[in-house]
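# Fold and contact review
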Amino acid sequence: MNEVASLIESLRPWREELRQALVVLLIVGAGLAARWALMRLVRLFYKTMEARAASPEDAKWIGTVGRVLRQVISIGVLLVIAMLVLNQFGVSIAPILGAAGVVGIAVGFGAQSLIRDYFNGFFILLENQIRVGDVVQIADKSGLVEEVTLRRVKLRDVEGAVHYIPNGQITIVTNRSTEFAFA
């Protein structure tokens with residue numbers, strides 16, 4: 001019993017640091033648990049929606065939107081965790097959020113193509129133009145769509161080459177898999 005009391009007494013000078021470390025571990029643990037639970041819920045919801053889809057085309061679109069939504073949720077939860085941890089270390093996040101607005105405007109001017117990619121990607125998904133598994137022709141490249149994100153489309157052509165096409169460069173999409181396709 002004296003050993004435990006001496007251990008507690010020896011840790012007393014670091015009491016505040018240990019409390020802070022415990023809070024940070026709790027924030028990270030709770031955040032990762034929330035992320036895991038949200039991912040499971042979104043995955044379950046979209047699997048149910050895919051099963052109820054009226055056609056295979058609708059099921060592919062639902063699956064594509066589900067993957068993008070999981071990416072957005074994951075990034076959002078990780079950003080919240082990071083801000084809470086910074087706040088725990090005494091870094092005021094109010095100036096960071098204020099500066100983020102100003103920096104966002106500056107970056108917006110410098111990264112117009114990146115913003116265009118995300119904006120076009122949003123409308124490509126919303127309008128159901130491209131889905132994972134479709135055979136398409138985009139920007140003089142054609143092949144099977146392996147991945148669609150808000151930023152880019154990943155195509156694999158018949159020779160096995162992979163093409164990454166930023167959504168901002170997509171002006172015309174020829175989808176050979178929509179509604180009626182012939183083998």
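Refer to the structure printed above.
Overview of the structure. (Residues numbered from 1 in each chain as written. Predicted model: local features only at pLDDT ≥ 70, side-chain atom pairs only at ≥ 80, totals over all residues. Heavy atoms only, no water.)

### What to know about the overall build of the chain
Our working definition: Only DSSP runs of H or I reaching four residues or more are called helices, and only runs of E reaching two or more are called strands; each is numbered from the N terminus. Partly exposed residues are those whose accessible area sits between 20% and 50% of the maximum for their type, while under 20% is buried and over 50% is exposed, using a 1.4 Å probe and protein chains only. Between two residues, a contact is recorded if the distance between any of their heavy atoms is within 4.5 Å. All accessible-area figures derive from a Shrake-Rupley calculation using a 1.4 Å probe, and residue coverage is judged against the displayed protein chains alone. Under the convention used here, Asp and Glu are negative, Lys and Arg are positive, and both His and the chain ends fall outside the count. Taken as the charge centre is NZ of Lys, CZ of Arg, CG of Asp or CD of Glu, depending on the residue.
Scanning the chain from N- to C-terminus turns up five helices and five strands. Each helix (α) and strand (β) of the chain, taken in turn from the N terminus, gives the series α-α-α-α-α-β-β-β-β-β. Scored against the burial criterion, the 183 residues of the chain give a buried share of 25%. Taking contacts inside the chain between residues at least 6 apart in sequence as the whole, the part at least 24 apart equals 57%. Accessible surface, the chain as shown: approximately 12400 Å² in total, 66% of it carbon and sulfur. Distance from the positive charge centre (19 side chains) to the negative charge centre (16 side chains) of the chain: 2 Å.

### Side note on the pairing of strand S4 (residues 162–166)
Defined as follows: Strand pairing follows a simple DSSP-based rule, namely that at least 2 bridges must link the two strands.
Taking every second residue as pointing to the same face, the buried face of S4 carries His163 and Ile165, while none of Val162, Tyr164 and Pro166 on the other face is buried. Hairpin geometry of strand S3 (residues 152–156) and S4 is characterised by an intervening segment of five residues between the two adjacent antiparallel strands and by a positive phi of about 95° at Gly160.

### Considerations on a positive patch on the surface
This is how it is decided: Patch membership requires over 30% relative accessible area and the absence of a salt bridge. Like charges are linked within 9 Å, and nonpolar side chains (Val, Leu, Ile, Met, Phe, Trp, Tyr) within 5 Å. Whenever Lys or Arg places a side-chain nitrogen within 4 Å of a carboxyl oxygen from Asp or Glu, that contact is recorded as a salt bridge.
Judged by side-chain charge, Arg40, Arg43, Lys47 and Arg67 come together as a positively charged surface patch. Counting through the fold element by element, Lys47 comes out in helix H2 (residues 15–51).

### What to know about the packing of aromatic side chains
The following threshold applies: Here the aromatic set is Phe, Tyr and Trp, taking the six-membered ring for Trp, and pairing holds for ring centres within 6.5 Å; pairs whose planes are under 30 degrees apart are stacked, those over 60 apart are edge-to-face, and all others are tilted.
Under the counting rule described, the total for this entry stands at three aromatic pairs. Taking the centre distance of 5.0 Å and the plane angle of 75° together, the rings of Phe119 and Phe123 count as edge-to-face. Here Phe119 and its partner Phe123 are both found in helix H5 (residues 112–126), four residues apart, which amounts to about one turn of the helix. Under the relative-accessibility criterion, Phe119 is labelled exposed at 51%.

### Comments concerning the sheet that holds S4
Let me state the cut-off plainly: The angle between two axes is taken between their N-to-C directions and runs from 0 to 180 degrees, where each axis is a line fitted to C-alpha atoms and a helix contributes only its stretch in contact.
Here we have five strands laid out as an open sheet, ordered S4-S3-S2-S1-S5, and antiparallel in their pairing. In this open sheet, the two edge strands, each paired with only one partner strand, are S4 and strand S5 (173–175). On average, adjacent strands in this sheet sit at an angle of 40° to one another, irrespective of strand direction. The pairing of S3 with S4 spans five bridges and is classified as antiparallel. From the neighbouring strand, Arg156 faces S4, where its bridge partner is Val162.

### Notes on the pattern of salt bridges
Scanning the entire structure with this criterion turns up five salt bridges. Between Arg152 and Glu147 there is a salt bridge, with its nearest N and O atoms 3.2 Å apart. Under the relative-accessibility criterion, Arg152 is labelled partly exposed at 26%. With relative accessibility at 27%, the residue Glu147 sits in the partly exposed group. Look at the salt bridges and you will find they share partners, linking Glu146, Lys154 and Arg156 into a network.

### Things to note about a nonpolar patch on the surface
A cluster of nonpolar side chains, Leu7, Leu11, Trp14 and Leu18, forms an exposed patch at the surface whose accessible area comes to about 400 Å². Structurally, the position occupied by Leu7 is in helix H1 (residues 2–11).

### Some words on the side chain of Asn167
Note the following rule: N or O atoms closer than or at 3.5 Å make up a polar contact, with two conditions inside protein: a donor-capable atom paired with an acceptor-capable one, and, for residues adjacent in sequence, both atoms drawn from side chains.
Mapped onto the elements of the fold, Asn167 is located in the loop between S4 and S5. Here Leu150 takes part through its backbone oxygen, which lies 2.9 Å from a polar atom of the side chain of Asn167. Dropping the residues within four chain positions of it, Asn167 is found in contact with Asp117, Asn120, Gly121, Ile124, Thr149, Leu150, Arg151, Arg152 and Val153.

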